[in-house]
Amino acid sequence: MPETSKSDIQVASAEAAPAKDTLSLCKKLSVTLSAFPRVRLGHLPTPLEPMDRLSEHLGGPRLWIKRDDCTGLSSGGNKTRKLEYLMADAIEKKATCIITQGATQSNHARQTAAAAAKLNLPCHVLLEDRTGYNDPQYNFNGNVLMDQLHGASISKRPGGADMNAEMAVLAEKLTAQGETPYVIPGGGSNPIGALGYVNCVRELVEQADEIGVDFDTLVHATGSSGPQAGLAVGLAAIESDISLLGIGVRASQAKQEQLVFDLAEKTASYLNAGVTIARENIVANTDYVGPGYGLPTDGMRDAVKLLARLEGLLFDPVYSGKGMHGLIDLVQKGHFADCENVVFLHTGGSAALFGYPDTFGLPGYID
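Notes on the structure in this doc start here.

Parameters at a glance
- Residues numbered from 1 in each chain as written.
- Predicted model: local features only at pLDDT ≥ 70, side-chain atom pairs only at ≥ 80, totals over all residues.
- Heavy atoms only, no water.
- Disulfide = S-S within 2.5 Å.
- Buried < 20%, exposed > 50% of the residue type's maximum accessible area, 1.4 Å probe, protein only.
- Helix = DSSP H or I, 4+ residues; strand = E, 2+ residues; numbered from the N terminus.
- Expected span 1.5 Å × (residues − 1).
- Phe/Tyr/Trp six-rings, centres within 6.5 Å; stacked < 30°, edge-to-face > 60°.
- Lys NZ or Arg CZ within 6 Å of the ring centre and 35° of its normal.
- Arc of directions from axis to C-beta.
- Contact = heavy atoms within 4.5 Å.
- Pairing = 2+ DSSP bridges.
- Axes fitted to C-alpha atoms, helices over the stretch in contact; angles between N-to-C directions.
- Core = buried A, V, L, I, M, F, W, Y, C linked by side-chain atoms within 4.5 Å.

A look at the state of the cysteines
In step 1: Per the counting criterion, the structure on display carries 0 disulfides.
In step 2: Unpaired in this structure, cysteine 200 has its nearest cysteine sulfur neighbour in cysteine 26, at a distance of 11 Å.
In step 3: With no disulfide of its own, cysteine 339 lies closest to cysteine 200 among cysteine sulfurs, the gap being 19 Å.
In step 4: Residue cysteine 339 is classed as buried on the basis of its relative accessible area of 18%.

Re helix H9 (residues 191–211)
In step 1: The terminal C-alpha atoms of H9 lie 31 Å apart, and with 21 residues this matches the ideal 30 Å at 1.5 Å per residue to within 8%.
In step 2: Burial analysis of H9 places 18 of its 21 residues in the buried class, the great majority of the element.
In step 3: Note on H9: the residue one or two positions beyond its end, glycine 212, has a positive phi of about 70°.

Some remarks on the packing of aromatic side chains
Two descriptors summarise a pair of aromatic rings, namely the distance from one centre to the other and the angle between the planes of the rings.
In step 1: Under the definition given, this model contains 6 aromatic pairs.
In step 2: Between tryptophan 64 and phenylalanine 215 the ring centres are 5.9 Å apart and the planes differ by 80°, which places this aromatic pair in the edge-to-face class. Note that tryptophan 64 is positioned in strand E2 (residues 62–67) and phenylalanine 215 in the loop between H9 and strand E7 (217–222), a separation of 151 residues in sequence. No difference in accessibility class separates tryptophan 64 from phenylalanine 215, as the two residues are buried.
In step 3: An angle of 75° between the planes, with centres 5.1 Å apart, marks the rings of tyrosine 133 and tyrosine 138 as edge-to-face.
In step 4: The exposure class assigned to tyrosine 133 is partly exposed, which follows from its relative accessible area of 26%.
In step 5: Tyrosine 138 gets classed as buried once you look at its relative accessible area, which sits at 3%.
In step 6: By way of ring pairs, the aromatic residues Tyr133, Tyr138 and Tyr356 are connected into one cluster.
In step 7: Taking the ring centre of phenylalanine 261 as reference, the NZ or CZ of arginine 279 above it sits at 5.9 Å.

Considerations on helix H8 (residues 163–176)
In step 1: Over its 14 residues, H8 runs 20 Å from end to end, which matches the ideal 20 Å to within 8%, given 1.5 Å per residue.
In step 2: Buried within H8 are the following residues: Met163, Met167, Leu170, Ala171 and Leu174. Take H8 and look down its axis: the buried residues cluster within an arc of 105°, on one side only. Those residues of H8 that are exposed and aimed more than 90 degrees away from the buried face are Val169, Glu172, Lys173 and Ala176.
In step 3: In this structure, the buried residues of H8 make contact with strand E3 (97–103), strand E4 (123–128), strand E5 (153–157) and strand E6 (181–184).

Looking at the sheet that holds E5
In step 1: Pairing is parallel in the open sheet, where 4 strands are placed in the order E5-E4-E3-E6. For this open sheet the edge positions go to E5 and E6, each flanked by a neighbour on one side alone. Going across the sheet, the axis of each strand differs from the next one's by a mean of 20°, ignoring polarity.
In step 2: Contacting E3 and E6, helix H4 (residues 79–92) runs over the sheet at an angle of about 155° to E6.

Examining the environment of threonine 267
In step 1: You can see threonine 267 is positioned in helix H11 (residues 253–271).
In step 2: For threonine 267, a relative accessible area of 0% gives the class buried.
In step 3: In sequence terms threonine 267 and serine 240 are 27 residues apart; their C-alpha atoms lie 18 Å from each other.
In step 4: Beyond its immediate sequence surroundings of up to four residues, threonine 267 is in contact with Pro191, Ala194, Leu195, Val198 and Val233.

Focus on the nonpolar core
In step 1: Among the nonpolar cores identified, the biggest contains 65 residues, and Met87, Ile98, Phe215 and Leu271 are the most heavily contacted of them.
In step 2: Ranked by the residues each element gives to this core, the list is headed by H9, at 10 residues.
In step 3: Each residue touching methionine 87, except ones within four places of it in the same chain, is listed here: Val39, Leu41, Ile98, Ala115, Ala116, Leu119, Leu121 and Ile184.
In step 4: Leu245, Val304, Met324 and Leu353 belong to the second-largest nonpolar core, a separate cluster that totals 27 residues.

Everything listed is a geometric property; what it means functionally is a separate question.
As structure tokens, then:
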């Protein structure tokens with residue numbers, strides 16, 4: 001595949017651009033979203049770029065990437081979009097501190113700690129041990145190091161703990177001390193946080209129109225369900241025919257799809273814009289989870305290395321790396337044979353690489 005310049009992208013066929021009524025619906029959606037409190041934390045819009053070396057390597061449709069690893073807050077990531085709405089809600093409710101939870105190498109915890117620091121709110125992070133790893137690099141480097149650099153207090157809970165109950169206990173303790181805690185669920189995945197990805201759909205479609213590209217499918221890693229739920233609501237709101245595919249990183253297919261569908265329905269109700277979510281449009285492929293959440297797979301390792309060396313992009317071992325493995329494998333299996341343009345939403349997370357230094361079998365110094 002020949003190299004493509006920026007000018008080549010801009011002169012793509014106008015026939016590939018979204019219909020103007022879709023763009024009108026994007027503007028209508030923007031007006032609807034403007035009614036919700038929002039604090040600007042991210043570098044938005046994030047870049048939309050072709051991955052032509054990867055496309056040539058795989059021989060499938062043209063692949064693109066939506067760079068939500070470039071949101072800016074504490075090295076970036078998808079949680080920043082959610083936190084713009086969540087932190088605004090916290091401020092409106094006069095919170096004096098923030099509580100949240102996640103796995104040990106939680107990208108969400110890192111970005112929440114950074115957002116809280118920026119807004120001068122103490123942050124308390126509860127980290128669940130979902131892997132059983134005792135490696136100090138995993139437990140104290142990467143996102144955990146950054147949590148502490150941002151000034152968050154962190155404490156650990158065993159795997160399988162009821163993390164919502166644990167946050168409730170902490171919230172009660174802080175309330176007794178005169179604080180007004182604001183509790184953010186794991187991944188920031190509730191109807192308020194999901195608004196960030198309702199808005200992301202509008203942003204993506206408007207960017208695609210600017211460069212004359214019509215996307216057939218949007219692929220992304222799905223875990224706590226917030227991004228996929230928000231994307232599903234956004235696509236329904238603008239009546240887009242872009243298909244949405246989540247690559248699961250944690251739960252079984254039935255559980256993951258139900259989790260996403262339930263949150264999408266709640267988000268649509270919260271948005272209050274007459275949006276209906278079709279159950280058949282909520283699709284998650286969970287073939288790439290491997291032995292469990294946060295546990296490396298060979299396919300993830302290969303995908304992370306391949307993208308680093310072909311496109312200069314970094315993905316994380318827990319979330320985006322498994323999502324990219326899914327995309328690559330499905331392209332190779334002909335899943336997207338009828339597609340011309342497929343876009344992958346990069347949810348960020350490269351900070352977690354430093355918690356898995358021995359995973360990739362790199363040789364170190366070579367004399």
